[in-house]
Amino acid sequence: MMIPKLISKILCGFCPPHLLEEIEGDLIQKFNRDIKIVGEKKAKRRLIWNTVRFFRPGVLLRNRFSMELNQLHMIKSYFTVMFRNILKRKFYSAINILCLTLGITFALLIGMFVYSELQVNQSLKDIDQLYLIQSKTKTNNDPDFFAASILPKQCIAQYPDLFESYYRFRDRNITVSKEDKHLRIQGMIGDSSFISIFGFTVVAGNGATALKNLNSIVVTEKTANQFFNKTNVVGETLTVSTEQNGRQEYTITAVIKEPDDKNSVTDFMNMDAQIFLSLENSRDFFPQFDQNSWNDFIISYIKLSPKAKAKDAEAAINKMFQRDAPKANSDSRTYLLSPISDYYLLTNHAAVRKLILSLVVIVFFILVLAISNFINISIASSFSRSKEVGVRKVIGGLRKHVITQFLLESMVLSFFSGILGIFMYQLSHRYFSELLGASLPSILYFDKAFWLIVVASVFLIGLLAGIYPALFQSLAKPIDSLKGKFKSVQGSIQFSRVLIGTQFLITIFIFIGAVVLSSQASYFIDKDLGYNKSHVLIVSSVPRLWNETGFQKMESAKKEFLQSSKIQSLTLSWGAPGWGFSPGGGKVNKAGSPVDKGEDFIITCADEDFKIVFDLKLLDGKFLDDAGTRQPNGVMINEAAQKALGIQLGDQLKAEGYGDILFTVKGIIQDFNYESLHQRINPLMLIHTKDFNAYRCFSFRLEAGSPGESVKEVEQLWKRIFPDDDFNYSFADDRLQALYTTELQMKKAATVATILMLVIVVTGVLGLVSLSVSKRTKEIGVRKVLGATISNILALLAKEYVVLMVVSFLVAVPLAYFLANKWLENFAYHIALSWWMFVVPIAILFCIILCIVGSQSFKTANTNPVNALKCE
């Protein structure tokens, strides 16, 4: 028999749908049984009572609250517990946030620097098809960036399926004028394919035809604004000072958008070109240059066909070169194709790539320290939260709920630290731009891709920081949690010690690295280079008129400059030590011996006052035109040259590329470092400027003291003597530092990283010691009652950290020693590693940690043991 409809409706009114069928079935079964036993009338009364009995909270609540509503309440409870815990443990939460914020801020700064460095050259058109042709000789393992001038043209002609186009150029620092405005600007004199092959943006004019005519010039927006205060200047003219034909009028045929910084075309070898001339005008600057020769060399880019492979193209170039070039040239040289896409990273012995890798490793270490602090403090504080976890599990919480709670806390702290990190980045990015010598953009200019990386990284940091404490807490059984017992406590303590030891290891390692870097960088600047760089002013904007008139003008200018009391001496030369010292080199041998069997020399020029200005030491003979007795083609050599060929005074030399000219050795000078300390001192031949028939700069030795006044006086004289030429100058000391930009950047970054690491480690240890002391208050009281002194207790608390530091030191020192030696091998001249470089970092860290442990422990160790024993 079915139950009455009224009873059924009442049951449906309050019973949950998923329980209705089961309860209704039970009521029908009971109702039918009661009818047989007590009759229908009495059975109905019992049915009403049994139905009413189901009207109870256990059924009603399930009907009133859905699963989704329970989830929302659970999430709310997660945040409630989290905020209560953060507020309850303000000090330790602040330590976690501080460490994560420092790590994220430094990661953002270095990450943006690395990101910007990796973007160099990527804006060039068809970047994966662009290559620089480099040559390698049998006697030189380092390839240079010059190729035979006819080589790219022959590549296109003979292998059209492999090669698409090319661009060749030679650089010149040129004085450009408009009326009474004169500026010294870096220029590139090259093929008409300049704009089309690299895809530079044209803002005015026709890029395809811009450099096809004589006396045509392309300028950047910056240059156009400098002379005309506008960018639409096509058809306007500029006066260009040429080295062979004096001042010439050039017509602007196109204006391009300012190229990206550091690109390997307009900023090749840090030249920052702003004007571009046609190669058809090369004879205005290079009268002997032939752009269709196997024996003249030029910087060359080549663009491969879309489907061509670099290996096949390189093989084709060398095959053609061996077949068509003169034997004397092809026997000693092979060509390589270097991709432009990563040329910036790999040039200069891959200095930039090494810098990037080093910075990425440092950032990784700093984040490891910050995450380790979070884990350690979470583990140490988790014992006080055991009852919370136990209660959560007893009332029905699952393991996943515990994991969610702790992961949520770490995620929120990481998210909050990320926001603070972004804010700190915005405040400090300009300072770090100056520190690293790179432009770090505001957060307003971050790419979407970079924002995604930032968000994903912050999320990952929160996950890594919280996953172990979450798993550790979730594994505990409810009864053990309520009693404050953890079966895995010993394992967690060991894991925490490993993390602390790792922190010490990383900090000591980076600290040692920073000391070595700083010492080597100081060595670069302070080493005796064999010449005196103090108070030497180098002016690179000398008007270049390389003929008899030009040399006479330079002689007159020297006499006028030397009338100033601020100028001790003055020399006219191609370059200066550490700054464009030589236009190149070649093989040199004694007269009568084959030149191609000689030694590779650096060949440059200077006048007789070069020795005085740079205070060079003369070992034998006389210096060029010393005492006014100059003989044509007399040269100076250094000690390295004398040893290489066994040269003596009076010997005659022949040089590659100088025809049948015989050079006579007039003097021998002591070796000096005319290039950076990355390279050893090579054999040098110094020719007089009049015999070399070229010059580029004046170098002034100024009176000591008041350098500002001296420079001001030189500038006034310059404007009077050379009214049509800009005054571009720098001090030799500054030029020297520019040679070691990458090393100085690494030194600064390592110094900042060391300070950050010390802050992170110190604050982390501070939190751990504070937690440890608070947990061991009763133990300390018992020990004092049993007779322990304050020094005994301090030693007990410090022992663990001392042992970890000693172990970290023993691991870090051999590793740091090995890697430091490897790094120093990259320099021809470097410091010798000393014991203090390894002892000082550990001593500083040791003292800091002991001070923290002592300061945190002394108060508890000095309290009345009775009060300590009452502590819960």
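On a predicted model such as this, the values are computed, not experimentally measured, just so you know. (Residues numbered from 1 in each chain as written. Predicted model: local features only at pLDDT ≥ 70, side-chain atom pairs only at ≥ 80, totals over all residues. Heavy atoms only, no water.)

### Structural notes on a negative patch on the surface
Here's step 1: On the surface, Glu258, Asp260, Asp261 and Asp272 cluster together to form a negatively charged patch.
Here's step 2: If you trace the backbone, aspartate 261 turns up in the loop between strand E8 (246-256) and strand E9 (275-278). (Patch = residues over 30% accessible without salt bridge, like charges linked within 9 Å, V, L, I, M, F, W, Y side chains within 5 Å. Areas by Shrake-Rupley, 256 points an atom, 1.4 Å probe, with all protein chains shown as cover. Salt bridge = Lys/Arg side-chain N within 4 Å of Asp/Glu carboxyl O. Lys, Arg positive; Asp, Glu negative; His and termini not counted. Charge placed at Lys NZ, Arg CZ, Asp CG, Glu CD. Helix = DSSP H or I, 4+ residues; strand = E, 2+ residues; numbered from the N terminus.)

### With respect to the nonpolar core
Here's step 1: Counting residues in each nonpolar core, the largest one holds 129 residues, and the members touching the most others are Phe106, Phe504, Tyr801 and Ile849.
Here's step 2: When residues of this core are assigned to their parent elements, the largest contribution, 18 residues, is made by helix H12 (residues 343-382).
Here's step 3: For phenylalanine 106, the contacting residues outside a window of four places in its chain are Gly111, Ile362, Val363, Ile366, Phe432, Ala749, Val752, Ala753 and Leu756.
Here's step 4: Residues Phe601, Ile687, Ala694 and Leu717 belong to the second largest nonpolar core, which totals 42 residues. (Core = buried A, V, L, I, M, F, W, Y, C linked by side-chain atoms within 4.5 Å. Buried < 20%, exposed > 50% of the residue type's maximum accessible area, 1.4 Å probe, protein only. Contact = heavy atoms within 4.5 Å.)

### Some words on helix H22 (residues 707-721)
Count 3.6 residues to each turn of an α-helix, and residues three or four apart come out pointing the same way.
Here's step 1: In this model H22 runs 21 Å from its N-terminal to its C-terminal C-alpha over 15 residues, within 8% of the 21 Å that 1.5 Å per residue would give.
Here's step 2: In the core, the buried residues of H22 are packed alongside strand E12 (536-539), helix H18 (548-561), strand E13 (567-573), strand E21 (697-702) and strand E22 (729-731). (Expected span 1.5 Å × (residues − 1).)

### Concerning the environment of isoleucine 195
Here's step 1: Mapped onto the elements of the fold, isoleucine 195 is located in helix H8 (residues 194-198).
Here's step 2: Residues isoleucine 195 and glycine 207 lie twelve residues apart in sequence; the distance between their C-alpha atoms is 5.8 Å.
Here's step 3: Excluding anything up to four places from it in sequence, isoleucine 195 contacts Phe200, Val202, Gly207, Ala210, Val218, Ala254 and Ile256.

### Some remarks on the packing of helix H7 (residues 151-158) against helix H10 (residues 310-324)
Here's step 1: Running from N to C, H7 and H10 cross one another at 110 degrees; their axes reach a closest spacing of 11 Å. If you check the angle between H7 and H10, you find them roughly perpendicular. For the pair H7 and H10, the contacting residues are Leu151, Gln154, Cys155 and Gln158 in the first and Ile317, Met320, Arg323 and Asp324 in the second.
Here's step 2: The residue makeup of the contact of H7 with H10, split by class, is four nonpolar, two polar and two charged. (Axes fitted to C-alpha atoms, helices over the stretch in contact; angles between N-to-C directions. Parallel < 35°, antiparallel > 145°, perpendicular 65-115°, else oblique. Nonpolar A, V, L, I, M, F, W, Y, C, P; charged D, E, K, R; others polar.)

### Quick word on the packing of aromatic side chains
Here's step 1: Taken as a whole, this structure holds 52 aromatic pairs when the rule is applied.
Here's step 2: Between the aromatic rings of tryptophan 574 and phenylalanine 692, the centroid separation amounts to 6.1 Å while the plane-to-plane angle is 70 degrees, which identifies the pairing as edge-to-face. In this pair, tryptophan 574 is assigned in the loop between E13 and strand E14 (584-590) and phenylalanine 692 in helix H21 (residues 689-692), connecting sequence segments 118 residues apart.
Here's step 3: Using a relative accessible area of 7% as the deciding quantity, one classes tryptophan 574 as buried.
Here's step 4: Phenylalanine 692 sits in the buried class, given a relative accessible area of 16%.
Here's step 5: Following the ring pairs from residue to residue traces out a cluster consisting of Phe145, Phe146, Tyr167, Phe169, Phe194, Phe198, Phe200, Phe268, Phe276, Tyr301 and Tyr343.
Here's step 6: Taking the ring centre of phenylalanine 286 as reference, the NZ or CZ of arginine 170 above it sits at 5.1 Å.
Here's step 7: Note that lysine 527 overlies the ring of tyrosine 829, its terminal NZ or CZ placed 5.2 Å from the centroid. (Phe/Tyr/Trp six-rings, centres within 6.5 Å; stacked < 30°, edge-to-face > 60°. Lys NZ or Arg CZ within 6 Å of the ring centre and 35° of its normal.)

### Describing the packing of helix H6 (residues 90-118) against helix H14 (residues 399-436)
Here's step 1: Between H6 and H14, the least distance of the axes is 7 Å, while the angle of their chain directions is 45 degrees. In terms of orientation, H6 and H14 fall into the oblique class. Relative to H14, the crossing made by H6 is right-handed.
Here's step 2: For the contact of H6 with H14, the per-class residue count stands at 17 nonpolar, eight polar and no charged. (Left-handed = near helix turned anticlockwise from the far one by under 90°.)

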